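Below are the chains, spelled out letter by letter.
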Amino acid sequence: MSQSESGNLAILLPKTANKSSGFTHTLRFRLMLSVALVHVVLMGIFVAVAVREQSDKIQAELYSRGRSLVALTAVASTNALLTEDLGALAEIIHRVKSQPEVVYCEIIDSRGRVLGTTYPERLGKVLPLLAAQSEHFPLPPGDHVLDLQERIRIADQTIGIVTIGLSTVRMDSALAKTWRDGLFFILTALIVGSGAAWVLSLVTTRGLRNMMEAASKISQGNLDVRVPANSQDEVGMLATAFNHMVASLKQASEDAAQEHERRNQAERLACVGEMSAMIAHEIRNPLSAIINSVNLLGGDTLNQEDRSQVISILNNESGRLSRILGDFLEFAKMRESQLTRANLKVLIEEIANMLYQDHQAGKRLRLAIHCAPDAQMAVFDHDQMRQVLWNLMLNALQSMPEGGELSVMTRRAGEKIMVHIADTGCGIAPDFQKEIIKPFVSSRKGGTGLGLAIVQRILVQHGTQLSIKSTQHVGTEVSFQLNGIH
Ligand SMILES: Nc1ncnc2c1ncn2[C@@H]1O[C@H](COP(=O)(O)OP(=O)(O)OP(=O)(O)O)[C@@H](O)[C@H]1O
Ligand SMILES: [Mg+2]
């Protein structure tokens, strides 16, 4: 495939194809992040609910145990309270205190006197009855003792109050452990989830990465590349569609190349046919003149003077024939241009002066050459450019048989150098202007009509072409451009 063809297939690939653009911009990263976030949020909600339930359960358990204990203590201390048996009450307090989690225990009578307590300094003190500890459940934050009270009754009469304080330290550490377990669970879920997301994203994006690499190769003109399309999922279907697209692209490209070649062939054949017809037409006239002349010379009807005239015609026509064939050979066997940096001004002056001297005899002819200082050095094939300038200046001089002005100018236009050759000659009819570049088109007696065809071919090899502006009876300007050198 030629460079231009592969250029048509150029695909602009995003720079994300390489690692330098950052992992955070990749589809893989976004997929992982989404999965990890969903995991964390869901697991967070789940763990929060579980811990809350567990915490309620632990607190309710402690509360229920405390309530049983305080109720039992109230019943057990009824008689001792009635008889104000401080020894029995102390025994009860001692037994209650030996229960796990019990921080304190206190029994007061209906008048607020402390008759039994785990704090000896409070024994016998009178407390305002209603100022006895109030019960809190669930516990206020920061309080590590659960206070529980029970009235000691006989029938409907309250004879005292039992207050028990239970430590919540064990409950708190159980709750803390529940929270720790929950966090560990979230962390594990996060790690496992991210790992799973990583593997998932690898599998999912592998197909896309394959297609990206394939697209890059296609943009370099390789249409034989295919991507694996093994999976049945959307990426697999996309890969299948991608392969079909590349196959169609390859087919279309081959068809286009064949069509191009076919057209070139047809154009070449048509061109050969056209050229053959032109050559045949061009050589027919001089050839018939030569045949006639030879026939006349073969007879004995000519006197000496006629013979010399016929021989002169023979010479002219064979010379013309030779020139036509020489020019045509030159045109047909055009060699590749050898582009070098050279001085255009020197070449222009050399050719212009030579032609000017040949043509100035007996005419009022002027020559003006102006090469701008920054428009003198250019890139061209020296011999071929000599021929271009020679043919164009010769045409200009031939268009001014009565004299006039030939002006040659070079000027810079950006990176290019423009060359203008102008004359004040007969000019060219508008309809004829399109024709004169074709081979064997000439209005000049003795001209082969190959001059401009050769010029155009050389200029095309230099990456440019001839531009013609002409006004009949006013003059003609031809121009072309070359790559300049600073
Ligand atoms: N500067 C010009 N002014 C007027 N007519 C021109 C000029 N340059 C070219 N032409 C016309 O274009 C025709 C073709 O020119 P071209 O140089 O190809 O062939 P030619 O000059 O006729 O023959 P030769 O092959 O000997 O150069 C000329 O015959 C002429 O009619
Ligand atoms: Mg010419």
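Since this is a predicted model, take the numbers as computed values, not measurements. (Residues numbered from 1 in each chain as written. Chains lettered and ligands numbered in written order. Predicted model: local features only at pLDDT ≥ 70, side-chain atom pairs only at ≥ 80, totals over all residues. Heavy atoms only, no water.)

Q: Tell me about the pattern of salt bridges, and please be specific about residues and values.
A: Inspection of every chain in the model, using the stated rule, returns 18 salt bridges. Note that Glu259 and Arg263 form a salt bridge whose closest N and O atoms lie 3.3 Å from each other. Here Arg263 and Glu259 lie together in helix H6 (residues 234-298), a separation of four residues that amounts to about one turn. We classify Glu259 as partly exposed; its relative accessible area is 29%. For Lys345, the salt bridge goes to Glu349, with nearest N and O atoms at 3.9 Å. Pair noted here: Lys345 and Glu349 are both in helix H8 (residues 344-359), with a separation of four residues, about one helical turn. The partly exposed category is assigned to Lys345, whose relative accessible area is 27%. The class of Glu349 is partly exposed, set by a relative accessible area of 30%. Several salt bridges share partner residues, and in doing so they unite Arg65, Glu101 and Arg170 into one network. (Salt bridge = Lys/Arg side-chain N within 4 Å of Asp/Glu carboxyl O. Helix = DSSP H or I, 4+ residues; strand = E, 2+ residues; numbered from the N terminus. Buried < 20%, exposed > 50% of the residue type's maximum accessible area, 1.4 Å probe, protein only.)

Q: Please give an account of the site of ligand 1 that cites residues and values.
A: Residues in close proximity to ligand 1 total 20 residues, the closest being Asn395, Ser442, Ser443, Thr448 and Leu452. Ser442 places a polar side-chain atom, nitrogen or oxygen, 2.6 Å from an oxygen atom of ligand 1. Its free accessible area being 590 Å², ligand 1 has 90% of it covered by the protein chains. Listing elements by their share of the shell around ligand 1, those giving two or more residues are helix H9 (382-398) and helix H11 (451-461). Residue classes in the shell around ligand 1 are distributed as eight nonpolar, 10 polar and two charged. (Near = heavy atom within 4 Å. Polar contact = N/O pair within 3.5 Å; in protein donor to acceptor, adjacent residues only side chain to side chain. Areas by Shrake-Rupley, 256 points an atom, 1.4 Å probe, with all protein chains shown as cover. Nonpolar A, V, L, I, M, F, W, Y, C, P; charged D, E, K, R; others polar.)

Q: For the packing of helix H2 (residues 27-76) against helix H5 (residues 169-219), give the residues involved together with the corresponding values.
A: Following both chains from N to C, one finds H2 and H5 inclined at 160°, their axes separated by 8 Å at the closest point. Classified by the angle between their axes, H2 and H5 sit roughly antiparallel to one another. The element H2 and its partner H5 pack so that their crossing is right-handed. Within the contact of H2 with H5, the residues separate by chemical class into 26 nonpolar, 12 polar and two charged. (Axes fitted to C-alpha atoms, helices over the stretch in contact; angles between N-to-C directions. Parallel < 35°, antiparallel > 145°, perpendicular 65-115°, else oblique. Left-handed = near helix turned anticlockwise from the far one by under 90°.)

Q: Requested: an account of the UniProt feature "domain: Histidine kinase" (unreviewed entry) in the chain, with residues and values cited.
A: This chain's UniProt record puts "domain: Histidine kinase" (unreviewed entry) on residues 278-486. Structurally, residues 278-486 is divided into 47% helix and 24% strand, and its ends, taken at the C-alpha atoms, are 44 Å apart. (UniProt positions renumbered as here; feature names shortened; annotations may be inferred.)

Q: Report on the environment of Ile421, specifying residues and quantitative values.
A: You can see Ile421 is positioned in strand S9 (residues 416-423). It is 40 Å that separates the C-alpha atoms of Ile421 and Gln309, two residues lying 112 residues apart in sequence. Excluding its chain neighbours within four sequence positions, the residues that come into contact with Ile421 are Leu389, Leu392, Met393, Leu406, Ser407, Val408, Thr476, Glu477 and Val478. (Contact = heavy atoms within 4.5 Å.)

Q: Describe the domain arrangement of the chain, with residues and values.
A: Taken domain by domain, the chain comprises domain 1 (1-225), domain 2 (253-333) and domain 3 (335-484). Computed from C-alpha coordinates alone, the two centres of domain 2 and domain 3 are separated by 26 Å. When domain 2 packs against domain 3, close to 1100 Å² is buried across both sides, 64% of that on carbon and sulfur atoms. If you look at where domain 2 meets domain 3, you find zero salt bridges. Top element by residues in the side of domain 2 that touches domain 3 is helix H7 (residues 304-332). It accounts for eight residues. Looking at the side of domain 2 that touches domain 3, its residues break down into seven nonpolar, no polar and six charged. (Domains from an automatic or database assignment. Buried area = accessible area lost by both parts, 1.4 Å probe.)

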